[in-house]
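A look at the structure
Letter by letter, the chains look like this.
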Amino acid sequence: MFLLTMGDCVPLTKEFTKGVCINMEKKQLLYTGKAKKVYTTDDPNLCIFEYKDDATAFNGLKKGSFEGKGEINNQMANFIFRLLEKDGIKTHLVEELSKRETLVKKCKIIPLEVIVRNVAAGSFSKRFGVKEGTPLKNPTLEFSYKDDDLGDPMINTSQALAIGLATKEEIDQIAEMAFKVNESLKKIFLNIGIKIIDFKIEVGKTADGEIVLADEISPDTCRLWDAETNKKLDKDRFRFDLGEFSDVYFEVWGRLNEYYAK
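Residues numbered from 1 in each chain as written. Predicted model: local features only at pLDDT ≥ 70, side-chain atom pairs only at ≥ 80, totals over all residues. Heavy atoms only, no water.

**Some remarks on helix H4 (residues 168–190)**
- If you check H4, its first and last C-alpha atoms are 33 Å apart, about what 23 residues at 1.5 Å a residue would give, namely 33 Å.
- Listed in full, the buried residues belonging to H4 are Glu170, Ile171, Ile174, Ala175, Met177, Ala178, Val181, Asn182, Ser184, Leu185, Ile188 and Phe189. (Helix = DSSP H or I, 4+ residues; strand = E, 2+ residues; numbered from the N terminus. Expected span 1.5 Å × (residues − 1). Buried < 20%, exposed > 50% of the residue type's maximum accessible area, 1.4 Å probe, protein only.)

What follows is the structure, encoded as structure tokens:
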């Protein structure tokens, strides 16, 4: 059984850190989101993420929390981003500052939520009448317009281009990155006995115009099922009142630590 407690949350192993000691202080609160706060620093091109223990679902209509969630998501996202970087995927990650805080490159987020699906679940099953758990013949790519007031509506490439959310070149680059992330994540999670059903990522542009993977990858942003039992190991446990909400986050983080610390 892979289960951590609050006291067991640990920083990234040396293999996955840059090994640089950065003394960076939080300055002005730039943004407060559903899962984290973003602060400016002395460097205009760097920000600090501070992860919260809050959980939301259904566009913020359902709210909850558990102690330690922010620490787990911060460390897990950084851990996964380091693994993705080993596969040649550029991210905004600079350095983990504490269990709850991370220094990142300041990005202008492209207002598209990028969704990749490997197995039918959630809204995909509802929209297309495909039974949840049905493997898809190929990974699918979807975009939604990142706007809480509008409810993050689905949007296609033509529509995104029409209203100027991104250029054709940027969308092509984002799509290529999304499928590459998918292949890497499938490998990362299968190594610890977990199937990645679908996930959502955000992409941003740095000050020098480089497109990088931003935000986080965690059980908040992925559907993760146990490879043998199909037990849900993600935010669906909170979303649909399945119980064991905190336990599965600790479990996923525990599996990652146990496998990759070998």
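Next comes the rest of the write-up.
**Re the confidence of the model for the protein chain**
- Here the protein chain averages 92 in pLDDT, while 91% of its residues score no lower than 70.
- Of the regions scoring below 50 in pLDDT, residues 1–21 engages in 51 contacts with residues more than four places distant in sequence or in other chains. (pLDDT = per-residue confidence, 0-100. Contact = heavy atoms within 4.5 Å.)

**Details of the sheet that holds strand S2 (residues 36–40)**
- The strand order across the open sheet formed by 5 strands is S1-S2-S3-S7-S6, and the pairing between neighbours is antiparallel. Each edge of the sheet is formed by a strand with only one pairing partner; in this case those strands are strand S1 (29–32) and strand S6 (93–96). On average, adjacent strands in this sheet sit at an angle of 25° to one another, irrespective of strand direction.
- Alignment of S6 against strand S7 (residues 101–105), held across 3 bridges, turns out to be antiparallel. (Pairing = 2+ DSSP bridges. Axes fitted to C-alpha atoms, helices over the stretch in contact; angles between N-to-C directions.)

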